[in-house]
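Commentary on secondary and tertiary structure
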Amino acid sequence: MDNKKSLIAEQMSGQRKRLVLLTLLSLMLGIAIVSQAGLLAEAVQRVFVEKASLSSVALLLALLLSVMAIRTLLLYANGRVGLSMAAEAKANMRSAVLQKLTHASMPSTLRGQTGGKVSVALDAVDEADSYFSHYMPRMAEAAIIPVLILVFTFILHANTGFILLFTAPFIPLFMILVGLQTKNKSEEKYAQLAEFSGTFLDSLQGLVTLKIFGQSRRQQQQIERSSLGYRDATMDILKVAFTNTFMLESIVMLSIGIVALELAIQLLVFKSMPFHTAFLVLLLVPEFFNLLKNTGTAFHSGRTSMGAVRKVEQMLAEIGGGTQPEEGQQSSAKLLRMPPSIALDDVHFHYAPDSFELKAGPVSIGPGEHIAIVGKSGSGKTTLLHLFAGLLKPVSGTVMVNGSPLTEWEEDSWFEQVSYITQHPYIFAGTFADNIAIGAGRTVSRDEIKQAAEEAGLSTLVAGLEQGLDTYVGEGGRGLSGGEKQRLALARAFLKRPALILFDEPTVGLDLQTEQILQSSITALARNATMITVAHRLYTIRQADHILFMDHGVLAAAGPHEELLEHVSQYAEMVDIQRKGGSA
Ligand code: ADP
């Protein structure tokens, strides 16, 4: 609960100067409002009651005009301060979300739906805008100006002061009642929106699969359901907002009516009051209530914003820690782009308690060795690879790199040394060249990109394209086959020249030529690196210096191929199946 307030409080404390400025502006605005009313009443009194000539009040009118101009300027300045507060707060929140997403551990980053995360990072943060741009300035005004007007009214005519004092509390009282009612509504609205965005994006991405299985209609209904859910949540909030405005208007009208009635009685029946005072009071009272009414509306939008901010907070909390590497960070210079040695002591890992468990170790991989992880599907090969990579953290036990725990390495400098070629590398929307250049983490020349593409065996493909390396690939661009994507990932790796290569060998059969290209490129890349491959091909397995054989999440055996063939019957069986299955 404590950190629920923290995000707003954090933003506020970063913006103290602007808050002080808001307070000052509000004070000046209050003085301008009172002066404007005073000057107007004076002018009316002179022209209409005392029948003074227009020229004699010229100075007064000029003064009135300049006060009005100042008031407008102050209002504008107030708005500007609010907007810049909102802009800064939104930028901060978005960068906090991005930071968390990029630095958190892999499982927590992947948790939840992408569409939902996008909606929180974009829509919910946008909704937080009005808290800073609307709610805060109005609250600053409400804290100062009504008090100023009230004091002034008491001095002018105590009766009206009392009427204001008795009717005004109805407005905050009413706001509290509404607030209680809408407490969870806006949070609910954001939950609905996130769900809707998640379902929508998911369906779009899986459209082909849905069509093939004839499920597009069902999915359509699901989208409809979640969009209706969002509509209802929004309508609920709007309903409250409209009732809110209606009730506030009624209270205000009624209160002004009472004041006017009282003034009329004083003025006409008892004749106990000069016109000038009555008129001035009558000018000030609507200002007083208008301010309170605006506060009411701002209060409502502030609440909606709070719901959105809470959603952002919730997401930040869900993604959890892991932003900082553990203490005892050491310099990254240790690795020096030399192939590292990697070792596991008794490492234990699970994604969640009571789910798949992995036990491995002790294992020791020498610098420059090539390791193959083999085992049946679901035996934990990829999980083990991710543990080696530092993408997952062991629940117990340690991954040691060059003799020191991996957790002591600074994350960025560690990943600078590592290339991970997955089966389905992510291709960003952009050109071929852009996608390759990502690998370098620095600005690279066109020639370097060309060279990398060639080394990865992409040159024939690229040469066949009309726009060559400038062809658009990724979402919205030219499609690439699985083998081509992997070669693109390889080209990235060639630019990077990693000291550690992680390779998830394709399980699907590639054509012989593609496979040969891939194979020779990988061999070239791995000449000066430690390499760990999740291997499916007999060829790769035979070539490896060491095999790690996984069975049901346990590292069942480790050693050279021949040795395992001889001593581990399960391994021999698996190899046999592979051989018969024709490992292409
Ligand atoms: P392999 O690569 O040998 O096919 P994996 O390491 O991918 O096996 O998966 C091992 C087990 O871990 C599987 O049972 C899989 O369902 C489970 N698993 C994989 N990723 C996750 C995850 N992110 N959360 C929970 N369980 C997972």
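Residues numbered from 1 in each chain as written. Predicted model: local features only at pLDDT ≥ 70, side-chain atom pairs only at ≥ 80, totals over all residues. Heavy atoms only, no water.

We apply this condition: UniProt positions are given in the numbering used here, feature names are shortened, and annotations may be inferred rather than shown by experiment.
Per an unreviewed UniProt entry, the chain goes by the name Thiol reductant ABC exporter subunit CydD and belongs to Paenibacillus rhizoplanae. A UniProt comment under Subcellular location (unreviewed entry) is attached to the chain, and it reads "Cell membrane".

Details of the packing of aromatic side chains
So the rule is basically this: Only centres within 6.5 Å qualify two rings of Phe, Tyr or Trp (six-membered ring in Trp) as a pair; their planes then separate them into stacked at under 30 degrees, edge-to-face at over 60, and tilted for everything else. Three exposure classes are used, based on accessible area relative to the maximum for each residue type with a 1.4 Å probe and protein chains only: buried under 20%, partly exposed in between, and exposed over 50%. Strands are runs of DSSP state E lasting at least 2 residues, helices are runs of H or I lasting at least 4, and numbering of each runs from the N terminus.
A complete count under the given rule lists 11 aromatic pairs for this structure. An angle of 85° between the planes, with centres 5.0 Å apart, marks the rings of F154 and F162 as edge-to-face. Judged by relative accessible area, F154 falls into the partly exposed class, the value being 28%. Judged by centre distance (5.5 Å) and plane angle (10°), the ring pair of F275 and F279 falls under stacked. On the criterion of helical spacing, the pair formed by F275 and F279 is a turn pair, its members being four residues apart in helix α12 (residues 275–319). Feature note: the residues Y131, F132 and Y135 constitute an aromatic cluster, connected by ring pairs.

Examining the nonpolar core
What counts here: As used here, the term nonpolar core means buried Ala, Val, Leu, Ile, Met, Phe, Trp, Tyr and Cys residues forming a set that is joined through side-chain atoms within 4.5 Å.
Core analysis: the largest hydrophobic core is formed by 63 residues, its most contacted members being M93, F132, I149, I171, F288 and V312. If one sorts the elements of this core by residue count, α12 sits on top with 15 residues. Judged by nonpolar contacts, the second largest core, of 34 residues, contains I436, V473, L490 and I522.

Points about the sheet that holds strand β7 (residues 404–405)
The following threshold applies: Strand pairing is defined by DSSP finding a minimum of two bridges between the two strands.
Overall, antiparallel pairing links the four strands, which are arranged β4-β1-β6-β7 in an open sheet. The strands lining the two open edges of the sheet, one partner per strand, are β4 (363–365) and β7. Relative to β7, strand β6 (residues 399–401) runs antiparallel, the two being bridged by two bridges. From the neighbouring strand, M400 faces β7, where its bridge partner is P405.

With respect to empty space enclosed by the protein
In this approach the atoms are scanned with a rolling probe the size of a water molecule, which exposes any empty space left behind. Note the threshold: Definitions used for this entry: grid spacing 1 Å over protein atoms alone; cavity, a set of points where a 1.4 Å probe fits but cannot get out; pocket, an open set with protein on both sides within 12 Å along at least 5 of 7 lines; lining residue, one with an atom within 4 Å of a point. Grid points are joined across faces, edges and corners, and a volume is the space filled by probe spheres set on the points. Each residue gets one label: Ala, Val, Leu, Ile, Met, Phe, Trp, Tyr, Cys and Pro are nonpolar, Asp, Glu, Lys and Arg are charged, and the others, such as Gly, are polar.
Enumeration over the complete set of coordinates arrives at two cavities of 30 Å³ or more. The space that makes up the largest cavity amounts to roughly 60 Å³. In terms of lining, the largest cavity is formed by F503, E505, P506, L510, E515, L518, Q519, I522 and R537. Considering each element in turn, the lining of the largest cavity owes the most residues, four residues, to helix α19 (residues 512–526). Grouping the amino acids of the lining of the largest cavity by side-chain chemistry returns five nonpolar, one polar and three charged.

So, unusual backbone geometry
Of note, the phi angle at K51 is positive, near 55°, even though the residue is not glycine. By the element assignment, K51 lies in the loop between α2 (16–49) and α3 (58–103).

Quick notes on the site of the ligand
Selection criterion: Distances are taken per atom, and a residue is near a molecule or strand as soon as one of its heavy atoms is within 4 Å of it. Contacts described as polar in this section are N or O atom pairs within 3.5 Å, which, within protein, must combine one atom able to donate a hydrogen with one able to accept it, while residues neighboring in sequence count only if both atoms come from side chains. Only the protein chains shown count as cover for residues, and all accessible areas are computed by the Shrake-Rupley method using a 1.4 Å probe.
Taken together, Y351, F356, K376, S377, G378, S379, G380, K381, T382 and T383 are the residues near the ligand. In the model, an oxygen atom of the ligand is placed 3.2 Å from a nitrogen or oxygen of the S379 main chain. Between an oxygen atom of the ligand and a main-chain N or O atom of K381, the distance comes to 2.9 Å. If the ligand stood free it would expose 560 Å²; the protein chains cover 57% of that surface.

Re the pairing of strand β2 (residues 347–350)
Burial along β2 is one-sided: V347 and F349 are buried, while H348 and H350, pointing the other way, are not. Two elements, β2 and strand β3 (residues 357–360), share four bridges in a ladder whose sense is antiparallel. In the sheet register, V347 faces β3, and the bridge partner there is A360. With antiparallel pairing between neighbouring strands as the criterion, β2 and β3 make up a hairpin whose turn holds six residues, including D354 at a positive phi of roughly 65°.

Structural notes on a nonpolar patch on the surface
Put simply, the rule is: The patches reported here contain residues having more than 30% relative accessible area and no salt bridge. Joining distances are 9 Å for like charges and 5 Å for nonpolar side chains (Val, Leu, Ile, Met, Phe, Trp, Tyr). In the sections that follow, a salt bridge refers to a side-chain nitrogen of Lys or Arg positioned within 4 Å of a carboxyl oxygen of Asp or Glu.
A cluster of nonpolar side chains, contributed by L261, I265, L268, V269 and F270, occupies part of the molecular surface with about 540 Å² of accessible area. Its place among the elements puts L261 in helix α11 (residues 216–269).

Things to note about the packing of α3 against helix α5 (residues 114–127)
Here is the rule we go by: Between N-to-C directions, angles cover 0 to 180 degrees, with each direction set by a line fitted to C-alpha atoms, over the stretch in contact for helices. Here the word oblique covers every angle except those under 35 degrees (roughly parallel), over 145 (roughly antiparallel) and from 65 to 115 (roughly perpendicular). The crossing is said to be left-handed when, going from far helix to near helix, the turn is anticlockwise and less than a right angle, and right-handed when the turn is clockwise. Contact definition: two residues touch when any of their heavy atoms are within 4.5 Å.
One way to put it is that α3 packs onto α5 with a least axis distance of 9 Å and a crossing angle of 165°. Comparing the axis directions of α3 and α5 gives the class roughly antiparallel. Seen along the crossing, α3 lies across α5 with a hand that is right-handed. For the pair α3 and α5, the contacting residues are K90, M93, R94, V97 and L101 in the first and K117, A121, L122, V125 and D126 in the second. Among the residues making up the contact of α3 with α5, the classes are represented as six nonpolar, no polar and four charged.

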